[in-house]
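As a plain string of letters, each chain reads:
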Amino acid sequence: MLTIHTVAELRLQLGAWRRAGERIAFAPTMGNLHRGHLRLMEQGRQHAERVVASIFVNPLQFGPNEDFDRYPRTLAADQAALEGAGVDLLFAPSVAEMYPQGRDGLTLVRVPGVTEILEGAFRPGHFDGVATVVNILFNLVQPDLALFGEKDYQQLAVIRRMVADLRMPLQVVGVPTERDADGLALSSRNQYLSAAERARAGEIHRSLTTVADALTGGRRDFEAMSQEQRNRLNTIGFDVQYLDVRRPDLGVPQASDTAFVVLVAAKLGNTRLIDNVQVACRPM
Ligand code: PAF
């Protein structure tokens with residue numbers, strides 16, 4: 001596996017593959033890779049001759065009081081994992097390489113609507129940072145397809161919308177969430193949890209599946225069902241920011257709908273966890 005840190009070298013290598021007619025799958029990450037990330041690489045392998053990953057902890061998508069400085073940076077271990085997953089090229093640029101003119105006055109990509117609810121309401125500017133860096137990475141890599149985890153459901157929706165609106169010539173592929181045995185979705189931030197917090201963290205998934213089961217069982221009092229689970233999680237030590245039922249496109253659900261997504265963000269101590277489950281129901 002090649003590890004490349006500069007845009008010039010990246011262009012040189014990708015140009016050679018493209019001239020040889022090879023399709024390129026791309027999985028952008030912030031590193032500290034776990035099984036969920038490796039699934040993205042495996043999916044990429046199935047769709048393309050070449051798999052490119054990036055590792056870049058993007059300052060643009062972190063708020064002033066968030067964890068940019070302490071976000072785990074584990075390049076050597078990540079390189080070994082990507083090598084093992086059959087990745088062809090890792091692009092691991094510095095902040096200066098990604099934003100050579102600095103970040104003041106940088107052109108931003110903003111996807112209205114879908115970025116203003118749920119995560120967007122609690123992390124103002126976050127999705128502008130994500131959309132902008134993903135747009136830059138797409139311009140640099142020019143992949144045929146790009147893979148993103150469904151764990152960040154809203155992020156995936158934002159990227160799909162950006163790709164559609166800006167007519168980007170690539171396919172976006174969502175990859176299902178990987179979970180630990182107790183249901184906790186794999187995330188680089190899980191390692192911030194203390195042992196006691198980790199023992200409780202699976203309760204988030206239990207609340208999501210409780211709502212999902214109620215939906216498949218025919219309940220449609222969305223707000224009451226959500227509030228029950230917000231209360232349950234808050235009572236056992238979480239600080240729930242949102243737990244909502246939405247349509248798959250994140251619109252407001254209707255009783256006649258047959259597909260839903262239940263999304264949650266909750267703090268456990270200092271760690272902010274997000275998760276979601278998708279629910280398909282029989283028509284009522
Ligand atoms: O999901 C992530 O790790 C990041 O938001 C992404 C897509 C790599 C953009 O920085």
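Residues numbered from 1 in each chain as written. Predicted model: local features only at pLDDT ≥ 70, side-chain atom pairs only at ≥ 80, totals over all residues. Heavy atoms only, no water.

Before going further, it helps to spend a moment on the site of the ligand. Close to the ligand lie P28, T29, M30, Q61, V133, F148, D152 and Q155, which account for all nearby residues. Q61 places a side-chain nitrogen or oxygen 2.6 Å from an oxygen atom of the ligand. In this structure, Q155 approaches the ligand through a side-chain N or O atom, which is 2.7 Å from an oxygen atom. Alone, the ligand offers 290 Å² of accessible surface; in the complex the protein occludes 88% of this. Across the shell around the ligand, the residue classes tally to four nonpolar, three polar and one charged. (Near = heavy atom within 4 Å. Polar contact = N/O pair within 3.5 Å; in protein donor to acceptor, adjacent residues only side chain to side chain. Areas by Shrake-Rupley, 256 points an atom, 1.4 Å probe, with all protein chains shown as cover. Nonpolar A, V, L, I, M, F, W, Y, C, P; charged D, E, K, R; others polar.)

The volume enclosed by the second largest pocket comes to roughly 200 Å³. What lines the second largest pocket is a set of 16 residues, among which I55, F56, V57, R73 and P93 lie closest to the centre. Residues of the lining of the second largest pocket, tallied by class, amount to 10 nonpolar, four polar and two charged. (1 Å grid on protein atoms, 1.4 Å probe; cavity = no way out; pocket = protein on both sides within 12 Å on 5 of 7 lines; lining within 4 Å. Points joined across faces, edges and corners; volume = space filled by probe spheres on them.)

Moving on: helix α6 (residues 126–141). Taking 1.5 Å of rise per residue, the 16 residues of α6 would be expected to cover 22 Å, and the 22 Å separating its terminal C-alpha atoms lies within 8% of that figure. With 14 of 16 residues buried, α6 is to be regarded as a mostly interior element. At the C-terminal side of α6, Q142 shows a positive phi close to 45 degrees. (Helix = DSSP H or I, 4+ residues; strand = E, 2+ residues; numbered from the N terminus. Expected span 1.5 Å × (residues − 1). Buried < 20%, exposed > 50% of the residue type's maximum accessible area, 1.4 Å probe, protein only.)

As far as function goes, none of this settles anything; it's purely spatial.
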